[in-house]
Amino acid sequence: MSSPFGLLAELTYACPLHCAYCSNPLDLAAHGDELSTAEWLDVLEQARALGVLQVHFSGGEPLLRRDLPELVRRAAELGLYGNLITSGLGFSRRRAEELIGAGLGHVQISVQSDTAEASDRLAGTRSFERKLAAAALVKELGATLTLNFVLHRHNIDRLTGMLRLAEGLGADRIELANTQYYGWAWRNRTALLPAREQLRAAEDTVRAARGRMSAELVYVLPDYYENYPKPCMGGWASRQLTVAPDGEALPCPAAQTLPLPRTGVREASLSWIWWESAMFRAFRGTGWMPEPCRSCARREVDHGGCRCQAFQLTGDPARTDPVCVLSPDHHLVAEAVATANADPPEELVPRPNPGRRSVHLDRDDAQQPVAERPVQRVEDEQGRSVPAAQVAGGQEVGGQRGQHHQRG
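Residues numbered from 1 in each chain as written. Predicted model: local features only at pLDDT ≥ 70, side-chain atom pairs only at ≥ 80, totals over all residues. Heavy atoms only, no water.

## Re the UniProt feature "binding site: [4Fe-4S] cluster" (unreviewed entry) in the protein
- UniProt tags Cys15, Cys19 and Cys22 as "binding site: [4Fe-4S] cluster" (unreviewed entry).
- On the secondary structure map, Cys19 appears in the loop between β1 (6-10) and α1 (37-50).
- Here Cys19 falls in the buried class, since its relative accessible area comes to 2%.
- Turning to its location among the elements, Cys22 is positioned in the loop between β1 and α1.
- Of the residues examined, Cys22 reaches a relative accessible area of 4% and is grouped as buried. (UniProt positions renumbered as here; feature names shortened; annotations may be inferred. Helix = DSSP H or I, 4+ residues; strand = E, 2+ residues; numbered from the N terminus. Buried < 20%, exposed > 50% of the residue type's maximum accessible area, 1.4 Å probe, protein only.)

## Brief notes about the pattern of salt bridges
- Under the criterion given, the structure shown has 21 salt bridges.
- Of the charged contacts, one joins Glu197 and Arg200 as a salt bridge, the two residues approaching to 2.4 Å between their closest N and O atoms. A residue pair is termed a helical-turn pair when its members lie 3 or 4 positions apart in one helix, as Glu197 and Arg200 do in helix α9 (residues 196-210) at 3 residues.
- Here Glu197 falls in the exposed class, since its relative accessible area comes to 54%.
- According to the relative accessible area criterion, Arg200 is partly exposed, its value standing at 43%.
- The network of salt bridges with common partners includes Asp33, Glu39 and Arg266. (Salt bridge = Lys/Arg side-chain N within 4 Å of Asp/Glu carboxyl O.)

## Things to note about helix α4 (residues 116-123)
- Taken as a whole, α4 has its buried residues at Ala118, Ser119, Asp120, Leu122 and Ala123.
- Among the structural elements, α5 (128-140) are those in contact with the buried residues of α4.
- Positive phi appears at Gly124, one or two residues downstream of α4, with a value of about 80 degrees. (Contact = heavy atoms within 4.5 Å.)

## Remarks on empty space enclosed by the protein
- By volume, the largest cavity amounts to about 110 Å³.
- Lining the largest cavity are 13 residues, with Cys293, Cys296, Asp302, Thr320 and Cys324 sitting closest to its centre.
- Among the residues making up the lining of the largest cavity, the classes are represented as 7 nonpolar, 3 polar and 3 charged. (1 Å grid on protein atoms, 1.4 Å probe; cavity = no way out; pocket = protein on both sides within 12 Å on 5 of 7 lines; lining within 4 Å. Points joined across faces, edges and corners; volume = space filled by probe spheres on them. Nonpolar A, V, L, I, M, F, W, Y, C, P; charged D, E, K, R; others polar.)

## Notes on the state of the cysteines
- Per the counting criterion, the structure on display carries 0 disulfides.
- Free cysteine Cys19: the closest other cysteine sulfur is in Cys15, separated by 6.4 Å. (Disulfide = S-S within 2.5 Å.)

## Some details on the pairing of strand β6 (residues 173-178)
- Counting buried positions along β6 gives 5 out of 6 residues, so the element sits mostly inside the fold.
- Examined bridge by bridge, β6 and strand β7 (residues 216-220) share 5 bridges and lie parallel to one another. Bridge pairing in β7 places Glu175 opposite Val218. (Pairing = 2+ DSSP bridges.)

## Considering a nonpolar patch on the surface
- Together, Tyr228, Val325 and Leu326 make up an exposed nonpolar region whose accessible area comes to about 240 Å².
- On the secondary structure map, Leu326 appears in the loop between α12 (307-314) and α13 (330-340). (Patch = residues over 30% accessible without salt bridge, like charges linked within 9 Å, V, L, I, M, F, W, Y side chains within 5 Å. Areas by Shrake-Rupley, 256 points an atom, 1.4 Å probe, with all protein chains shown as cover.)

## Concerning the environment of Gly60
- Residue position: Gly60 is located in the loop between β2 (54-58) and α2 (68-77).
- As a C-alpha pair, Gly60 and Tyr13 span 47 residues in sequence and 3.9 Å in three-dimensional space.

## As for the nonpolar core
- Core analysis: the largest hydrophobic core is formed by 104 residues, its most contacted members being Phe57, Phe91, Leu147, Phe149, Ile174, Leu176 and Tyr224.
- Setting aside residues no more than four positions away along its own chain, Ile174 makes contact with Leu147, Phe149, Leu163, Ala166, Met213, Ala215, Glu216, Leu217 and Val218.
- Counting 5 residues, the second largest nonpolar core, distinct from the first, contains Tyr13, Cys22, Leu28 and Trp184. (Core = buried A, V, L, I, M, F, W, Y, C linked by side-chain atoms within 4.5 Å.)

## Examining helix α3 (residues 93-101)
- Here α3 has its buried residues at Arg95, Ala96, Leu99 and Ile100. Projection of α3 onto a plane perpendicular to its axis shows the buried side chains occupying an angular sector of 120 degrees, all on one side.
- Just past α3, the residue Gly103 takes up positive phi, approximately 120 degrees. (Arc of directions from axis to C-beta.)

## With respect to the packing of aromatic side chains
- Within the structure shown, the criterion is met by 4 aromatic pairs.
- Ring centres of Tyr181 and Tyr224 lie 5.4 Å apart, and the angle between their planes is 65 degrees; on these two criteria the pair is classed as edge-to-face. Taken as a pair, Tyr181 in the loop between β6 and α7 (184-187) and Tyr224 in the loop between β7 and β8 (240-243) lie far apart in primary sequence, 43 residues in all. Taken as a pair, Tyr181 and Tyr224 share a single burial class, namely buried.
- The ring centre of Phe283 lies 5.9 Å from the NZ or CZ of Arg307, which sits over that ring. (Phe/Tyr/Trp six-rings, centres within 6.5 Å; stacked < 30°, edge-to-face > 60°. Lys NZ or Arg CZ within 6 Å of the ring centre and 35° of its normal.)

And the structure:
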C-alpha cells in the first residue's frame with residue numbers, strides 16, 4: 001500500500017446548475033457545514049505531507065468560495081499541481097487572472113451539449129455562452145484546458161457537434177465520459193441510460209475523431225454495457241482520496257452512501273484516516289473479496305469493481321460488482337440495459353441547489369448568528385460583486401440562472 005497521489009477537494013455542494021446526472025449526494029443540505037479557510041489550508045498541508053501531488057478543487061461549484069485563490073496559492077506553494085473543476089460560471093477575467101496568477105495550472109470546464117439551447121436545457125439555466133467565454137479565458141491566460149462532456153441518452157447523439165465545439169475552443173484535453181450512476185444520476189438512471197444503438201454510433205464518432213484531432217481525447221464507456229467493471233479509483237483507497245465540504249474523508253466521492261464508519265478531518269488527521277480508519281481499510285487489497293472475485297485472474301486488474309455500485313444494486317458493498325458478467329447479480333444490470341433499449345425514458349429530475357452556511361468562515365465567525373455573519377459574495381462575468389446566496393438559492397451568478405467528475 002502506498003500514499004495517495006491525488007486529493008479531490010470538494011469545497012462546496014452549492015452550484016448554480018441543476019444537472020440531472022450530478023454525482024453529488026442526494027442529501028445536499030446535510031453537508032452544509034463547510035470547512036473554513038483555515039481548515040482547508042490545514043487539509044492541503046496534511047495532504048502534501050501524506051504524499052499527495054495533485055489537488056482537484058471541485059464541488060458543487062468551487063468558484064462560489066471567495067477564498068479559492070488563497071487555497072490555490074497555498075497548494076502551489078506546497079508543490080501541489082492545482083486543477084479547477086468548474087461549470088465556468090463566475091470565472092470572470094479578474095477571477096481567472098487571480099487564480100492562474102496564484103498558481104492554478106489546469107481548468108476543467110463542463111459543457112452539457114454543443115448548442116446553447118441543448119446545453120442550457122440540460123443545465124437547467126442559461127450558461128452555455130458563459131462556459132465558452134470561460135474556456136477562451138483559460139486559453140488566453142496560458143493554463144491547460146479540459147472540456148468535459150458527461151454523456152447520456154439526451155445528448156450522446158450530438159457528439160459530433162461537441163467534438164467540433166471543443167476543437168474550435170482549442171481544448172488541450174477532451175473528456176467524453178458516459179454517466180456513472182451515483183447521486184442524482186442514480187435517481188435518474190432510467191432516463192439517462194443510453195440505448196445500444198446510440199453507443200455504437202458514439203464509438204464510431206470517437207474512433208474517427210482520434211485519427212484527426214490533436215487534443216488528448218478520453219472516452220469513458222458506460223459500465224452497464226461492458227463485460228467487466230472498471231478498476232474504480234485505481235483500487236479502493238490506493239491512489240486517491242476525497243474530502244467533502246464538511247470535512248468527511250472518503251476513498252471516493254460516492255462512498256458517502258456506504259454503511260461504513262466515517263471519520264472527518266475535524267476528528268482525525270488525514271494520515272490516520274488514510275492508513276488506519278475503518279472506511280479506508282474496508283476494501284483494500286484482495287482479502288475482502290468473495291467468490292467469484294477471490295479466485296478470478298482479474299482480481300488485481302479491476303479490484304472487484306466499484307463498491308458503491310455493488311451497494312446500490314445489491315445492498316451489500318462487498319458483493320462482486322454486478323457489472324461483471326461473472327457476478328451472480330449481473331441480471332440486475334442486464335435488466336436495466338433491457339429497459340433502456342425497450343421503454344421510453346422517464347422525465348429527468350433536476351438536482352436542486354442547497355442553501356449554504358459556514359462558507360469559508362473562520363470557526364469563530366461560523367458560531368455567529370446567521371444575521372450577523374458577513375455576506376458571502378462572488379463575481380459575475382463582468383466582475384460585478386453579487387451575493388453568493390443568490391446563486392445557492394437557485395439563480396445563476398449575475399442574476400440569470402450547472403473522476404471522471406459529474407459536476408456542472
